[in-house]
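Summary of the model geometry
Listed here are the chains, written in short residue letters.
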Amino acid sequence: MRCKRARIMISASIDGGLSRREESAVERHLSRCAACAREKAELTHLQDAMALWADEEPSAWLAENFAHRMKAQQEKRQPAAVRRPRWLVGTAAAGLATALLAFAILVTYQLQAPPVQPTKTTLETPAATQPAAEMAKPPTTQPAVKPAPDASPSVARPDGDKGTWTRLTGGENARPRPPVVSRPPRSPKRGTGSLISRGTPAPAEAERIVLKNIAAAGFANERATHAVTDELGEAELAVNESIERVRGTLRRAVDVLMASYAAPAIEDSETTDSDKGGTL
Amino acid sequence: MMQTATNRARETDEELMARFQAGDSSAMEELFARFQKPLFNFFFRMVGRRETAEDLVQETFLKLCRFGHTFRGSHAKFTTWLYSVAGNQCRDYLRHSARRPETSLGELEENVQENYSSHPDAAAGNSPVEDHLLRLELRAVLQSAIDSLPEKERSAIVLREYQGLEYKEIAEVLGCPIGSVKVLIFRARQRLRERLKGMLFSA
């Protein structure tokens, strides 16, 4: 091994940065080369001298200052859309209260209202009162080409590309009216919408309304919570910024004070010399 | 979940980073408390100014907060990542700021020799006060000598001698092969030995 390469490896060996094989090779070289052995001793001595430079302590306020700056940085990175105006807080709270009240009223109403039973009278629809014989009658139809009178209720039809509507009350464009067929009464088993009076919704419908109101109340609550949290965050950010400004001012004041103590006093002889200089 | 002081003491640096990535800011404060002193001393030895070193410490950790989501504890050590970011901060500062004037090493050496040899206790043996003064002088001399090194050699020798990083870690921080790290440290030692020859070694 040549001395040039050996000295690089000697430097690494005092850091423990060599493999066993490399260490053995360096040891063999050192046993034969006094100059490199002297090099190793001097590098070790240098390392000991460098170790005398002990670590210093940073300022005591460093950790606290970092905590404030980190918080300020995290809050600054929040998107602007999250910040809401103050008036929304009250609106959200009012909306939440209204939703909760409506929910409470609905639940109370549902609990107090008796279960609705289908009655006979509801089955007696005008169609059902027609005698059964009429059902056997052939449907009365109007002639297909007979135009309907103008005063009668008419049906409008769009005029294709014209963008207007044409009343189908007369003329050759009038469509024949469909035949009037008396419809049999609806079976009470088919659906319940026409058999129960309109004032009270069906249980399934009521449940759907309740669930919808719960979701609306929850959503309003969440929005209100977000709005309040954002307001608190804004206030805290403002306080932190004020603290930072005060710290900066204090630090600058201390620097100025220290500089004024360190500045040498100006002697009176200097001003005297400068006066004399003008007269020469 | 609230972490007790005992639990936090057992957490590794990588575990603390994982906690920070999950949204716990106190984990980053814990990391700051652990590394503020070694990082401060790294910057102080590199730039030579106390206030600048403290600013650089904060800037480094704020950068860790900003880019904390990029750290992968399963692939890298936290210390390696920390000193990589710190090294970049230091490099940027040194490039953008004016180089501070070097102290005349000859003057410093003369001061040390005069203080040592002319002191009445010098023949009898060093007193603690004199040891302290000598250490301060030595520190100033070392500061000047390290400051005279090229930037990469300076980083390598400071990371090795004072931050205790292994060659492999220094290679990752500096972004160069391990063989290059060996050469950088070797050259830095050669230069330092040359500059401090009069102080440390007898003729």
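Okay, so let's go over this structure. Just so it is clear, the structure is predicted and the values come from calculations on it, not from any experiment. (Residues numbered from 1 in each chain as written. Chains lettered and ligands numbered in written order. Predicted model: local features only at pLDDT ≥ 70, side-chain atom pairs only at ≥ 80, totals over all residues. Heavy atoms only, no water.)

Moving on: the overall build of chain A. Each helix and strand counted, chain A has 10 helices and 2 strands in total. Counting from the amino terminus, helix and strand elements in chain A follow one another as α-α-α-α-α-α-α-α-β-β-α-α. Here chain A holds 280 residues, and 19% of them are scored as buried. Put simply, of all contacts in chain A between residues at least 6 apart along the chain, 67% involve residues at least 24 apart. (Helix = DSSP H or I, 4+ residues; strand = E, 2+ residues; numbered from the N terminus. Buried < 20%, exposed > 50% of the residue type's maximum accessible area, 1.4 Å probe, protein only. Contact = heavy atoms within 4.5 Å.)

Mapped onto the secondary structure, Glu166 of chain B falls in the loop between helix H8 (151-161) and helix H9 (167-174). Residue classification places Glu166 of chain B among the partly exposed residues on the basis of a relative accessible area of 44%.

Evaluation of the coordinates by the stated rule reveals 22 salt bridges over all chains. Two residues, Arg50 of chain B and Glu56 of chain A, come together in a salt bridge whose shortest N-O distance is 3.3 Å. With one member in each of two chains, Arg50 of chain B in helix H4 (residues 50-66) and Glu56 of chain A in the loop between helix H3 (34-50) and helix H4 (62-76) form a pair that bridges those chains. The salt bridge partner of Arg19 of chain B is Glu11 of chain B, with a shortest N-O separation of 3.0 Å. With respect to burial, Arg19 of chain B and Glu11 of chain B carry one shared label: buried. Each member of the salt-bridge network shares a partner with another, and the members are Asp15 of chain A together with Arg160, Glu161 and Arg189 of chain B. (Salt bridge = Lys/Arg side-chain N within 4 Å of Asp/Glu carboxyl O.)

Once that is clear, we can look at the interface of chain A and chain B. Contacts between chain A and chain B engage 36 residues on the former and 42 residues on the latter. Summing both sides of the interface, chain A and chain B together bury roughly 4,000 Å²; the carbon and sulfur share of this comes to 59%. Area buried by chain A at its contact with chain B is led by Met50, Trp53 and Phe66 of chain A, which between them contribute 22% of it. Connecting chain A to chain B are 9 salt bridges. The residue Arg160 of chain B makes a salt bridge to Asp15 of chain A at a minimum N-O spacing of 3.2 Å. Taken together, chain A and chain B are joined by 22 residue pairs in polar contact (both at pLDDT 80 or more). For the side of chain A that touches chain B, the secondary-structure elements that each account for two or more residues are helix H1 (3-13), H3 and H4 of chain A. Take the side of chain A that touches chain B: its biggest share by element is 9 residues, from H4 of chain A. A class-by-class count of the residues in the side of chain A that touches chain B yields 18 nonpolar, 8 polar and 10 charged. (Buried area = accessible area lost by both parts, 1.4 Å probe. Polar contact = N/O pair within 3.5 Å; in protein donor to acceptor, adjacent residues only side chain to side chain. Nonpolar A, V, L, I, M, F, W, Y, C, P; charged D, E, K, R; others polar.)

A word on the packing of aromatic side chains. Scanning the model with the defined rule gives 11 aromatic pairs over all chains in all. With a centroid separation of 5.4 Å and 55 degrees between ring planes, the pair formed by Phe42 of chain B and Phe43 of chain B is classed as tilted. Judged by its relative accessible area of 0%, Phe43 of chain B falls in the buried class. Note on Phe71 of chain B and Phe78 of chain B: the rings are 6.1 Å apart at their centroids and 85 degrees apart in plane angle, and the pair reads as edge-to-face. By the burial criterion, Phe71 of chain B is buried, and Phe78 of chain B matches it. Taken together through their ring pairs, the aromatic side chains of Phe35, Phe71, Phe78 and Trp81 of chain B make up a single cluster. Against the face of Trp61 of chain A rests Arg251 of chain A, its NZ or CZ located 4.8 Å from the ring centre. A cation sits over an aromatic face here: Arg45 of chain B above Trp53 of chain A, 4.8 Å from the ring centre. (Phe/Tyr/Trp six-rings, centres within 6.5 Å; stacked < 30°, edge-to-face > 60°. Lys NZ or Arg CZ within 6 Å of the ring centre and 35° of its normal.)

This paragraph deals with H1 of chain A. Here H1 of chain A has its buried residues at Ala6, Met9, Ile10, Ser11, Ala12 and Ser13 of chain A. For H1 of chain A, the secondary structure elements touched by its buried residues are helix H2 (20-32) and H3 of chain A together with H9 and helix H10 (178-195) of chain B.

This part takes up the packing of H1 of chain A against H3 of chain A. All names here are of chain A. Between H1 and H3, whose axes approach to 10 Å, the crossing angle comes to 30 degrees. Looking at the two axes, H1 sits roughly parallel to H3. Handedness of the H1/H3 crossing: right-handed. Where H1 approaches H3, its residues Cys3, Arg7, Ile10, Ser11 and Ser13 are matched on the opposing element by Ala35, Cys36, Glu39, Lys40 and Leu43. For the contact of H1 with H3, the residue count by class is 5 nonpolar, 2 polar and 3 charged. (Axes fitted to C-alpha atoms, helices over the stretch in contact; angles between N-to-C directions. Parallel < 35°, antiparallel > 145°, perpendicular 65-115°, else oblique. Left-handed = near helix turned anticlockwise from the far one by under 90°.)

The next thing to look at is the nonpolar core. Ranked by internal contacts, the top residues of the largest apolar core, which has 71 residues, are Met28, Phe43, Phe61 and Phe78 of chain B. Among residues more than four places away in sequence, those in contact with Phe78 of chain B are Asp13, Glu14, Met17, Leu31, Phe35, Leu64 and Phe71 of chain B. (Core = buried A, V, L, I, M, F, W, Y, C linked by side-chain atoms within 4.5 Å.)

Attention now goes to the side chain of Arg154 of chain B. All names here are of chain B. Positionally, Arg154 belongs in helix H8. Of the residues examined, Arg154 reaches a relative accessible area of 2% and is grouped as buried. Side-chain polar atoms of Arg154 contact the backbone oxygen of Met46, separated by 2.9 Å.

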